[in-house]
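This is what each chain is made of:
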Amino acid sequence: MLKRYALLFVIPLGLAACANQTALDRVTILEQSLTAAETGFIGYLSLPDCDRNPAPCSDDAVVARVQPLDNAAFNAVQTYRDAVIAGQADTILKELLAAAQTAIAALATATNSL
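Because the structure is a prediction, the values reported are computed rather than measured. (Residues numbered from 1 in each chain as written. Predicted model: local features only at pLDDT ≥ 70, side-chain atom pairs only at ≥ 80, totals over all residues. Heavy atoms only, no water.)

(A) Local environment of the packing of helix H2 (residues 23-45) against helix H3 (residues 60-86). It is the contact of H2 with H3, at a shortest axis distance of 10 Å, that shows an interaxial angle of 165 degrees. Relative to H3, the element H2 is oriented roughly antiparallel. In the crossing of H2 with H3, the sense of the turn from one axis to the other is left-handed. For the pair formed by H2 and H3, the contact residues are Ala23, Leu24, Arg26, Val27, Leu30, Glu31, Leu34, Glu38, Phe41, Tyr44 and Leu45 on the first element and Val62, Val63, Val66, Gln67, Asp70, Ala73, Phe74, Val77, Gln78, Tyr80, Arg81 and Val84 on the second. The class makeup of the residues in the contact of H2 with H3 is 16 nonpolar, two polar and five charged. (Axes fitted to C-alpha atoms, helices over the stretch in contact; angles between N-to-C directions. Helix = DSSP H or I, 4+ residues; strand = E, 2+ residues; numbered from the N terminus. Parallel < 35°, antiparallel > 145°, perpendicular 65-115°, else oblique. Left-handed = near helix turned anticlockwise from the far one by under 90°. Contact = heavy atoms within 4.5 Å. Nonpolar A, V, L, I, M, F, W, Y, C, P; charged D, E, K, R; others polar.)

(B) Main features of the pattern of salt bridges. In total, this model carries three salt bridges according to the counting rule given. The partner of Glu31 in a salt bridge is Arg81, and the shortest N-O contact between them spans 4.0 Å. Of the two residues, Glu31 sits in helix H2 while Arg81 sits in helix H3, which places them 50 residues apart along the sequence. A salt bridge links Arg52 to Asp49; the nearest nitrogen and oxygen atoms lie 3.6 Å apart. What makes Arg52 exposed here is its relative accessible area of 66%. The structure contains a network of salt bridges with shared partners spanning Glu31, Arg81 and Asp82. (Salt bridge = Lys/Arg side-chain N within 4 Å of Asp/Glu carboxyl O. Buried < 20%, exposed > 50% of the residue type's maximum accessible area, 1.4 Å probe, protein only.)

(C) Spotlight on H3. Between its first and last C-alpha, H3 extends 38 Å over 27 residues, near the 39 Å set by a 1.5 Å rise per residue. At Val66, H3 shows its maximal kink, close to 25 degrees; a proline, Pro68, follows between one and four residues later. Burial in H3 covers these residues: Val62, Val63, Val66, Asp70, Ala73, Ala76, Val77, Tyr80, Ala83 and Val84. Lining the buried residues of H3 we find H2 and helix H4 (90-111). Capping the start of H3, Asp59 holds a side-chain oxygen 3.0 Å from the backbone nitrogen of Ala61, two or three residues further along. Looking at the residues trailing H3, positive phi occurs at Gly87, about 75 degrees. (Expected span 1.5 Å × (residues − 1). Bend = angle between axes of the 7 residues up to and from the residue. Polar contact = N/O pair within 3.5 Å; in protein donor to acceptor, adjacent residues only side chain to side chain.)

(D) Representation of the environment of Gly43 in the model. Secondary-structure assignment places Gly43 in helix H2. Sequence separation of Gly43 and Ser58 is 15 residues, and the distance between their C-alpha atoms is 9.4 Å.

(E) Examining unusual backbone geometry more closely. A cis amide bond links Ala55 to the next residue, Pro56, at an omega of 0 degrees. With respect to the helices and strands, Pro56 occurs in the loop between H2 and H3.

(F) Molecular detail of the nonpolar core. Membership of the largest hydrophobic core comes to 25 residues, with the highest contact counts inside it found for Leu30, Tyr80 and Ile104. Listing elements by their share of this core, those giving two or more residues are H2, H3 and H4. At nine residues, H3 tops the list of elements feeding residues into this core. (Core = buried A, V, L, I, M, F, W, Y, C linked by side-chain atoms within 4.5 Å.)

(G) A look at H4. Over its 22 residues, H4 runs 31 Å from end to end, which matches the ideal 32 Å to within 8%, given 1.5 Å per residue. Residues Leu93, Leu97, Ala100, Ala103, Ile104, Leu107, Ala108, Ala110 and Thr111 constitute the buried set of H4. One face of H4 carries all of its buried residues, which in axial projection span an arc of 160 degrees. The exposed set on the far side of H4, more than 90 degrees from its buried face, consists of Thr91, Lys94, Glu95, Thr102 and Thr109. (Arc of directions from axis to C-beta.)

Written as structure tokens, this is what we have:
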């Protein structure tokens, strides 16, 4: 339970810190925030399947709900990273950064309840 509350504090703090960073620093912060958000989901995936095991277990319906959020967050971070490396305009980077932050926040919200 304490880990969940820590994620609720760390992820927004890391994302808010982006305001004073370079674009490459923001990539690192996004990657760290993504890793923090994925930690609970990875732990959940490592549990045995609920169809054959008692709790605690991993429910296929929950995995089906969270997996697309994980994929979307990963892809959003990679898209931002690729745009930074390619030297895209600041307006594009701001939009991609916002999209990555939103995707990570959605994943974190979903994984905090696991």
